[in-house]
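Read off the chains here:
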Amino acid sequence: MKTLEQERSNYAFECISKIKGKNFEKDASSLIAKLGTLILTNGLGNTLAFLFSKAKDHHLETIAIISNWLYKLEGRKEEIKKDNVQQKIEQIMKKFVLDVDVEKYMYYTDETLRLINWLRRFSDAMLESGGENND
């Protein structure tokens, strides 16, 4: 039986492995490096809205990674892919931001930050580093 921390790290490793070699690898690396600060500064909801508004491959992939992890914690089997993230904007925002109480929002934020720590570690180790202005 794995601990939640082990599951989180395994999930992050799998996600970063899938990004490696893609045409947006550098941009994803740069975004992942900044993501924790974005959430701590602006909140989970504003950060997700920012990622949706940018809608480049690395933004959509990041939303899919976060959403799938949070869905997994809720016991849902649904998998969101980068290609269908834009169609799921309402569903994702309502589920994790708009229709939740403060405690649940804080839980989702905390879980996302914990996941990002693992994503950042594996990104630093496995992905080609991106430039400073690739948000």
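Everything discussed here concerns the structure shown above.
Below or above, wherever it landed, is the structure these notes cover. (Residues numbered from 1 in each chain as written. Predicted model: local features only at pLDDT ≥ 70, side-chain atom pairs only at ≥ 80, totals over all residues. Heavy atoms only, no water.)

1. Remarks on unusual backbone geometry
Here is step 1 of the chain: Despite not being glycine, A55 shows a phi value in the positive range, around 55°.
Here is step 2 of the chain: A relative accessible area of 29% means that A55 is categorised as partly exposed. (Buried < 20%, exposed > 50% of the residue type's maximum accessible area, 1.4 Å probe, protein only.)

2. Quick notes on helix α3 (residues 44-54)
Here is step 1 of the chain: Within α3 the residues assigned to the buried category are L44, G45, T47, L48, L51 and F52. Buried residues of α3, seen end-on, are gathered within an arc of 165° and therefore sit on one face of the element. In α3, the exposed residues that point more than 90 degrees away from the buried face are N46 and S53.
Here is step 2 of the chain: Residues of α3 that are buried make contact with α2 (25-42), α4 (57-73), α5 (89-98) and α6 (102-126).
Here is step 3 of the chain: Positive backbone phi, approximately 55°, marks A55, located one or two places after α3. (Helix = DSSP H or I, 4+ residues; strand = E, 2+ residues; numbered from the N terminus. Arc of directions from axis to C-beta. Contact = heavy atoms within 4.5 Å.)

3. Let's talk about the pattern of salt bridges
Here is step 1 of the chain: Under the criterion given, the structure shown has 10 salt bridges.
Here is step 2 of the chain: Between E128 and K26 there is a salt bridge; the shortest N-O distance is 3.3 Å. Here E128, found in the segment after α6, pairs with K26, found in helix α2; they are 102 residues apart in sequence, far enough to count as distant.
Here is step 3 of the chain: The class for K26 is partly exposed, based on a relative accessible area of 41%.
Here is step 4 of the chain: With its nearest N and O atoms 3.2 Å apart, the salt bridge here joins K104 to E74. Placement of K104 in helix α6 and of E74 in the loop between α4 and α5 is noted, with a sequence separation of 30 residues between them. (Salt bridge = Lys/Arg side-chain N within 4 Å of Asp/Glu carboxyl O.)

4. Describing the packing of helix α1 (residues 4-19) against α6
Here is step 1 of the chain: Interhelical geometry of α1 versus α6 gives an angle of 45° and a closest axis separation of 9 Å. The angle between α1 and α6 falls in the class oblique. Seen from above, α1 lies across α6 with right-handed handedness. The segment α1 lies against α6, with L4, E5, R8, S9, Y11, A12, F13, C15, I16 and S17 engaging E111, R114, L115, W118, L119, F122, S123 and M126. (Axes fitted to C-alpha atoms, helices over the stretch in contact; angles between N-to-C directions. Parallel < 35°, antiparallel > 145°, perpendicular 65-115°, else oblique. Left-handed = near helix turned anticlockwise from the far one by under 90°.)

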